[in-house]
Amino acid sequence: MKIILLGAPGSGKGTQAENLMRDYGCPQISTGVLLRKAVAEKTEIGKKVEEIMARGDLVSDEIVLDLIQKSLEQIDDQIGFLLDGYPRNINQAKSLNLVLESIDRPLEHTVLIDVDAEILIKRLSGRRTCSSTGKTLNIYFSPKKEIDDCIASGGKLIQRDDDNIESISKRIEVYGEQTEPMIEFYRESGILQVVNGEGSIEEVYKRLLSKIN
Ligand code: ADP
């Protein structure tokens, strides 16, 4: 499968990407994950992007294009790929088209996971990662038992650097200014599929599967 997952910050792209990877075996390429790794490892790129990411702005198109090209090169032609967090503006979408044309791997699905802005803010501001299991939790939505289990196992609830309210507002603003016009570009070209992203992870996944199968 060759698929792009589009959606606002907090729309659940990463979560649904994990489901697709599990069931279809196609590797996820997430620019957010790759960039956070570069920051954690303090690479040259990591040092350049740390501050930009923490305040919720987009890093430069050149940096993310380079990451995407290198990741695509490493992936076997047969298994496909799943892009999450890329492209995020019209320029990136055009570059991606050129890259995919040059390696002769046309996209099969471009899916938008659609979620109301109020829900996004709660999902992002409440998001935590358990330091002992790596599991993503939410202080507003996760069952109390899951949060207690994390703490009981010696874990801490870690918040992403850009999940504070200022950066969340900025990320949603950038999404409206740069990503939504790109989504229109896909919609006009007739290839956009839209999935309602509200409800449980399983419900959203079922809707997603019904679109792509
Ligand atoms: P989210 O979509 O939840 O905000 P991501 O993990 O996808 O989170 O991205 C986190 C941050 O990484 C973004 O706010 C941005 O700074 C940077 N980033 C990720 N993907 C891109 C991209 N395609 N272009 C520019 N910046 C990106």
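Everything discussed here concerns the structure shown above.
Cut-offs applied
- Each chain has its residues counted from 1, running along the sequence as written.
- With the structure being a predicted model, the display of local features is reserved for residues of pLDDT at least 70 and the display and counting of side-chain atom pairs for 80 or more, all residues being used for whole-chain, interface and lining totals.
- Heavy atoms throughout the structure, all of them, feed into the side-chain values; hydrogens and water do not.
- Helix and strand definitions here come from DSSP, where helices need a minimum of 4 consecutive H or I residues and strands a minimum of 2 consecutive E residues; each element is numbered from the N-terminal end.
- Relative accessibility thresholds used throughout: buried, under 20% of the residue-type maximum; exposed, over 50%; partly exposed, between the two (1.4 Å probe, protein chains only).
- For this analysis, residues touch if any pair of their heavy atoms sits within 4.5 Å.
- Polar contact criterion, stated in full: a pair of N or O atoms within 3.5 Å, where within protein one must be able to donate a hydrogen and the other to accept it, and residues adjacent in sequence count only if both atoms are side-chain atoms.
- The span you would expect from a helix comes to 1.5 Å times its residue count less one.
- Bend, at a single residue, is the angle you get between axes fitted to the 7 residues ending at that residue and the 7 residues starting at it.
- A cutoff of 4 Å decides nearness: a residue is near a molecule or strand if any of its heavy atoms lies inside that distance of it.
- Surface accessibility in these figures is a Shrake-Rupley result with a 1.4 Å probe; residues are shielded only by whichever protein chains are displayed.
- In the scheme used here, Gly and all other residues not listed as nonpolar or charged are polar, with Ala, Val, Leu, Ile, Met, Phe, Trp, Tyr, Cys and Pro taken as nonpolar and Asp, Glu, Lys and Arg as charged.
- A pair of strands is labelled paired if DSSP reports no fewer than 2 bridges between them.
- Lines fitted to C-alpha atoms define the axes here, with helix axes fitted over just the stretch in contact, and angles between the N-to-C directions of these axes take values from 0 to 180 degrees.

(A) Layout of the environment of His109. In this fold, His109 is placed in strand β4 (residues 109–114). Residue classification places His109 among the buried positions, given a relative accessible area of 15%. Taking the C-alpha atoms as reference points, His109 and Asp162, 53 residues apart in sequence, are found 29 Å from one another. Setting aside anything within four residues of it in sequence, one finds His109 in contact with Met1, Lys2, Ile3, Ile4, Gln193 and Ile212. Within the structure, the side chain of His109 is placed 3.1 Å from the side chain of Gln193, a separation counted as a polar contact.

(B) Looking closely at helix α8 (residues 165–188). Along its 24 residues, α8 runs 33 Å from first to last C-alpha, staying within 8% of the 34 Å computed at 1.5 Å per residue. Of all the bends found along α8, the most pronounced is centred on Gly176 and spans about 40°. For α8, the set of buried residues is Ser167, Ile168, Arg171, Val174, Tyr175, Thr179, Met182, Ile183 and Tyr186. Gly190 lies just past α8 and shows a positive phi near 80°.

(C) Molecular detail of the site of the ligand. Thr31, Arg36, Asp57, Arg88 and Gln92 are the nearest of the 20 residues found near the ligand. At 3.0 Å from a nitrogen atom of the ligand is found a main-chain nitrogen or oxygen belonging to Gly85. In the model, an oxygen atom of the ligand is placed 2.9 Å from a nitrogen or oxygen of the Arg171 side chain. Its free accessible area being 550 Å², the ligand has 96% of it covered by the protein chains. If you tally residues by element for the shell around the ligand, the top one is helix α2 (residues 31–40), at four residues. Residues that form the shell around the ligand fall into these classes: seven nonpolar, five polar and eight charged.

(D) Expanded view of the sheet that holds strand β6 (residues 136–138). On the basis of which strands lie adjacent, the open sheet formed by three strands has the order β6-β5-β7 and antiparallel pairing. Both edges of this open sheet fall to β6 and β7 (157–158), since each of them pairs with a single strand only. Across three bridges, strand β5 (residues 127–130) lies against β6 in antiparallel orientation. When the bridges of β6 are listed, Arg127 appears paired with Asn138. Strands in contact with helix α6 (residues 117–126) are β5 and β6; relative to β5, the strand with the most contacts, it is inclined by about 30°.

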